[in-house]
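Close look at the chain arrangement
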Amino acid sequence: MAPTDEADEVARHASPLGTTPPARPPADGAAGPNARMPRWLPRAMVLALALIAVFQLGSWAFHQLTGLLINVLIAFFLALAIEPAVSWMASRGMRRGLATFLVFFAVLIVSAGFVTLLGSMLAGQIIKIVEDFPNYLDSVINWINAHFKTDLKRVDVQEGVLRSDWLRNYVQNSATGVLDVSAQVLGGLFQLLTIALFSFYFAADGPRLRRALCSILPPAKQAEVLRAWEIAVNKTGGYIYSRGLMALISGVAHYILLQALEVPYAPVLAVWVGLVSQFIPTIGTYLAGALPMLIAFTVDPWYALWVLVFVVIYQQFENYVLQPKLTSKTVDIHPAVAFGSVVAGTALMGAVGALIAIPAIATLQAFLGAYVKRYDVTDDPRVHGHRRRGEGARLFARARALWERRPGEQDFGSGSSRDSSRGSS
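Throughout, a residue's number is its position along its own chain's written sequence, starting from 1. Given that this is a predicted model, residues contribute local features only at a pLDDT of at least 70 and side-chain atom pairs are listed and counted only at 80 or more, while totals for whole chains, interfaces and linings are drawn from all residues. Note that water and hydrogens are dropped before the side-chain values are worked out from all heavy atoms of the structure.

Looking now at the packing of aromatic side chains. The rule is short: rings of Phe, Tyr and Trp, with Trp giving its six-membered ring, pair when the centres are within 6.5 Å, and they are stacked under 30 degrees, edge-to-face over 60, tilted in between. Within this structure, the stated rule accounts for nine aromatic pairs. Taking 6.2 Å as the distance between ring centres and 40° as the angle between the ring planes, the aromatic pair formed by F198 and F202 counts as tilted. Residue F198 and its partner F202 are located together in helix 7 (residues 178-204), separated by four residues, close to a single helical turn. Relative to F317, the ring of Y314 has its centre 6.0 Å away and its plane inclined at 50°; by these criteria the two rings are tilted. Linking Y314 with F317, this pair stays in helix 12 (residues 301-327), spanning three residues, or about one helical turn. Residue Y314 is classed as buried on the basis of its relative accessible area of 7%. Using a 1.4 Å probe on the protein chains alone, a residue whose accessible area is under 20% of its type maximum counts as buried, one over 50% counts as exposed, and one in between counts as partly exposed. On the accessibility criterion, F317 (39% relative accessible area) is partly exposed. Pairwise contacts between aromatic rings join F76, F77, F198, F202 and W229 into one cluster. Helix and strand definitions follow DSSP, with helices as H or I runs of at least four residues and strands as E runs of at least two, each counted in order from the N terminus.

This is the structure:
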């Protein structure tokens, strides 16, 4: 009966049409051919595409608004620079908006007067150089003829220059570039207006801006933000005022030299040297000295050499004597750090980065110095770059003994030392 029961059980489970029995359901995690897509996958794909689109849109907007962001950054540092003066006038009872307007008006008057004087000076010197150019050309031709035994004439040189292809191409390119220059001038004026507008609002509405920023932060973070703001104001204002004082000293020194050499436009040239040399650190003195050298050369070539020597000597005096005393309490930055920050700022944002690099680094250094824990330095001569007393002499004596000792003597001495040690044992 047992085989018959097994056969009936197999026949009961078999398909009536003779096909194979249905397959077992797949194990957990294995998708069959007709399995559905997980519900989270479409949402994940949509979220990923949305994030990519937002990133692309943000990158495009950032590149489009780079100019505006740089202008806002410049305006913020300008507002920090005039913040002490505006706050001082506001503490005396003056409205903050009126105080900011007076500061801006004073800066505008001084800048316009300086640009006007400098422009008139450059125009007059250019006219003088053009008028005296034939005399300069004759002196150069006579020197060449005397030293190289040639027979050059001014008329031949002028005709060769006027008929040259590079002069014709230069004139054509200058004529076609007039519109580009006009567009750049208009763009520069609009950029200056934008910076002035933002800096005015930052300075006039400084307290309101700080309150708006602190209103979205907890009380503990509010104190940190206000402290960072105060450090930025002190360092930026100190940088501007210390540089202004150094510009005054530099201008007076160069004015005395130029006046002694009877170089024309000595006051304007002195102001030029003072401003450019101080607000473009390290290399600004040499850049500013180029214009006085050019003007002095039109008077006497030896005067240009005297101006160059004075510029180099004054730069060393300023770096090692004047600057450490004036900036020790305002912007205490090492000259190498200052130069590196200027180079980095120039590489990132051009001339704008060179101007705001030092106050930005000074603010960052002061802010980090307030939170970095410092310890007392051990009283070791090596900290000051000195060796211990007698260490150099001992090293020299040891090297001399090794140099004078021979190999045989060294082996004999070592053997005798070993024998003596054995005897003692």
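Counted as salt bridges are all cases of a side-chain nitrogen of Lys or Arg within 4 Å of a carboxyl oxygen of Asp or Glu. The final tally for this structure, using the stated rule, is two salt bridges. Here R96 makes a salt bridge to E83, at a shortest N to O gap of 2.6 Å. Here the residue R96 occupies a position in helix 4 (residues 96-148), and E83 occupies one in helix 3 (residues 66-91), the gap between them amounting to 13 residues. We note that R96, like E83, is buried. Of the charged contacts, one joins R210 and E83 as a salt bridge, the two residues approaching to 3.8 Å between their closest N and O atoms. Note that R210 is positioned in helix 8 (residues 206-214) and E83 in helix 3, a separation of 127 residues in sequence. Taking the relative accessible area as the measure of exposure, E83 reaches 7% and is therefore buried.

Attention shifts here to unusual backbone geometry. For E262, which is not glycine, the phi torsion reads 60° and is therefore positive. Its place among the elements puts E262 in the loop between helix 9 (219-260) and helix 10 (266-279). With relative accessibility at 65%, the residue E262 sits in the exposed group.

With that settled, the discussion passes to the nonpolar core. Put simply, a nonpolar core is a bunch of buried Ala, Val, Leu, Ile, Met, Phe, Trp, Tyr and Cys residues held in one set by side-chain atoms that sit within 4.5 Å of each other. In this structure, L80, I82, V86 and V103 are the most contacted members of the largest nonpolar core, which totals 18 residues. Looking at this core, the elements that each hand over two or more residues are helix 3, helix 4, helix 7, helix 9 and helix 14 (351-369). Sort the elements by how many residues they give to this core and helix 3 lands first, with eight residues. Any two residues whose heavy atoms approach within 4.5 Å are treated as being in contact. Not counting chain neighbours up to four residues away, the residues in contact with I82 comprise T100, V103, F104 and A203. Within the second largest apolar cluster, 15 residues are counted, among which are L118, L258, L261 and V307.

pLDDT: the predictor's confidence for each residue, scored from 0 to 100. Looking at the protein chain as a whole, its pLDDT mean stands at 75, while 70% of the residues score no less than 70. Mean pLDDT per element in the protein chain: helix 16 (residues 407-424) is the minimum at 47, and helix 2 (residues 40-64) is the maximum at 90. Overall, residues 410-425 carries pLDDT values under 50, and its contacts beyond four positions in sequence, including any with other chains, amount to one contact.

To obtain an axis, a line is fitted to C-alpha atoms, over the contacting stretch when the element is a helix, and the angle between two such axes runs from 0 to 180 degrees between their N-to-C directions. Close contact between helix 3 and helix 9 brings their axes to 8 Å; oriented N to C, the two are set at 85°. Considering their axes alone, helix 3 and helix 9 lie roughly perpendicular with respect to each other. Of the residues in helix 9, those in contact with F76, F77, L80, A81, E83, P84 and A85 of helix 3 are W229, A232, V233, T236, G237, I240 and Y241. Of the residues that constitute the contact of helix 3 with helix 9, the class distribution is 11 nonpolar, two polar and one charged. Our angle categories are set so that under 35 degrees counts as roughly parallel, over 145 as roughly antiparallel, 65 to 115 as roughly perpendicular, and the remainder as oblique. Think of it as three bins: nonpolar holds Ala, Val, Leu, Ile, Met, Phe, Trp, Tyr, Cys and Pro, charged holds Asp, Glu, Lys and Arg, and polar takes everything else, Gly as well.

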